[in-house]
Amino acid sequence: QVQLVESGGGLVQAGGSLKLSCAASVRTFSGYAVGWFRQAPGKVRTFVAAINWSGTTYVDSVVKGRFTISRDKNKKAVYLQMNSVKTDDTAVYYCAAHGDTNTLRIGKADYWGQGTQVTVSS
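What you see is a predicted model; the values in this text were computed from it and never measured.

### Some points on the overall build of the protein
Next, step 1: When helices and strands are counted, the protein shows one helix and 11 strands.
Next, step 2: Along the protein, helices (α) and strands (β) appear in the sequence β-β-β-β-β-β-β-β-β-α-β-β when read from the amino end.
Next, step 3: Taken against the 2.2 N^0.38 rule, which gives 14 Å for 122 residues, the C-alpha radius of gyration of the protein at 13 Å falls within 12% of a compact globule.
Next, step 4: By its C-alpha atoms, the protein is 40 × 25 × 25 Å across when sized along the principal axes.
Next, step 5: Burial status across the protein gives 40% buried among its 122 residues.
Next, step 6: Taking as baseline every contact in the protein between residues at least 6 positions apart, the subset at least 24 positions apart corresponds to 56%.
Next, step 7: Taken as a whole, the protein presents about 6200 Å² of accessible surface, with 47% of it coming from carbon and sulfur.

### Quick word on the nonpolar core
Next, step 1: By size, the foremost hydrophobic cluster in this structure holds 29 residues, and its most contacted members are Trp-36, Leu-80 and Tyr-93.
Next, step 2: For this core, the elements supplying multiple residues, two or more each, are β3 (18-25), β4 (33-39), β5 (46-51), β7 (67-71), β8 (77-82), β9 (91-98) and β11 (116-121).
Next, step 3: Listed in part, the seven residues of the second largest apolar core include Ala-33, Phe-47, Ala-50 and Leu-104.

### Let's talk about the pattern of salt bridges
Next, step 1: Tallying each qualifying case throughout the model produces two salt bridges.
Next, step 2: For Asp-89, the salt bridge goes to Arg-38, with nearest N and O atoms at 2.8 Å. Of this pair, Asp-89 sits in the loop between β8 and β9 while Arg-38 sits in strand β4, and the two are 51 residues apart along the sequence.
Next, step 3: The class for Asp-89 is buried, based on a relative accessible area of 1%.
Next, step 4: The class of Arg-38 is buried, set by a relative accessible area of 12%.
Next, step 5: Note that Asp-89 and Arg-66 form a salt bridge whose closest N and O atoms lie 2.7 Å from each other. Here Asp-89 is found in the loop between β8 and β9, whereas its partner Arg-66 is found in the loop between β6 (57-59) and β7, with 23 residues between them in sequence. Like Arg-66, Asp-89 is buried.
Next, step 6: Salt bridges here are not isolated pairs; linked through shared partners, they connect Arg-38, Arg-66 and Asp-89.

### Remarks on the sheet that holds β7
Next, step 1: With antiparallel pairing, four strands are arranged side by side in an open sheet as β1-β3-β8-β7. Of all strands in the sheet, those bounded by a partner on one side alone are β1 (3-7) and β7. Sheet twist, expressed as the average angle between the axes of neighbouring strands with direction ignored, equals 15°.
Next, step 2: By the bridge criterion, six bridges tie β3 to β8 in an arrangement that is antiparallel. Among the inter-strand pairings, Leu-20 is bridged to a residue of β8, identified as Leu-80.

### Describing the state of the cysteines
Next, step 1: Applying the stated criterion to the full structure yields one disulfide.
Next, step 2: Here Cys-22 engages in a disulfide with Cys-95; their sulfurs sit 1.9 Å apart. Linking Cys-22 and Cys-95, the disulfide has an S-S dihedral of approximately -75° and is accordingly described as left-handed. Highlighted residues: Cys-22 in strand β3 and Cys-95 in strand β9, separated in sequence by 73 residues.

The rules behind these values
- Numbers given for residues are sequential positions, taken from 1 along each chain in its written order.
- In keeping with the predicted nature of the model, local features appear solely for residues at pLDDT of at least 70, side-chain atom pairs appear and are counted solely at 80 or more, and the whole-chain, interface and lining totals rest on all residues.
- The basis for every side-chain value is the complete set of heavy atoms in the structure, and neither hydrogens nor water enter the calculation.
- Each helix corresponds to a stretch of at least 4 residues labelled H or I by DSSP, and each strand to a stretch of at least 2 residues labelled E; elements are numbered beginning at the N terminus.
- Our radius of gyration looks at C-alpha atoms and nothing else; its globule reference is 2.2 Å times the residue count to the power 0.38.
- In this scheme, a residue with accessible area under 20% of its type's maximum is buried, one over 50% is exposed, and one in between is partly exposed, where area comes from a 1.4 Å probe on protein chains only.
- A contact between two residues is defined here by any heavy atoms of the two lying within 4.5 Å.
- Each accessible area value is a Shrake-Rupley result obtained with a 1.4 Å probe; residue values ignore everything except the protein chains displayed when judging cover.
- Grouping buried Ala, Val, Leu, Ile, Met, Phe, Trp, Tyr and Cys residues that are joined through side-chain atoms within 4.5 Å yields what is termed a nonpolar core.
- We count a salt bridge whenever a side-chain nitrogen from Lys or Arg sits within 4 Å of a carboxyl oxygen from Asp or Glu.
- When DSSP finds two or more bridges between a pair of strands, those strands are recorded as paired.
- A fitted line through C-alpha atoms serves as each axis, taken over the contacting stretch for helices, and the angle formed by two N-to-C directions is quoted from 0 to 180°.
- We call a pair of cysteine sulfur atoms a disulfide whenever their separation is within 2.5 Å.

Without other data, these values stay purely geometric and don't point to any function.
Encoded structure:
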């Protein structure tokens, strides 16, 4: 069993930066692809970025060039660096994990975190 705990959300002004963290309890992320999804009010949850077990990253075109996904060398945390944020980035951000990257990218995860709120003010 893998428990995912997100942190780092909050209020940020448009154009600013924020870094989200996803920590794995009990075990490391070895063998898992880990990703970030977001859900804005009244909208469906959508894929943001993912990193697979070998370190290959995938970033949605909507945020590419502004958001970066990374992990620590011990594979116990995954980060989402959010730069040049926009009001449209306001959402609850979820961390998720699955053994297969492509399955994860379509939103089918074995594990989900509880979510962290990101609010971008204009």
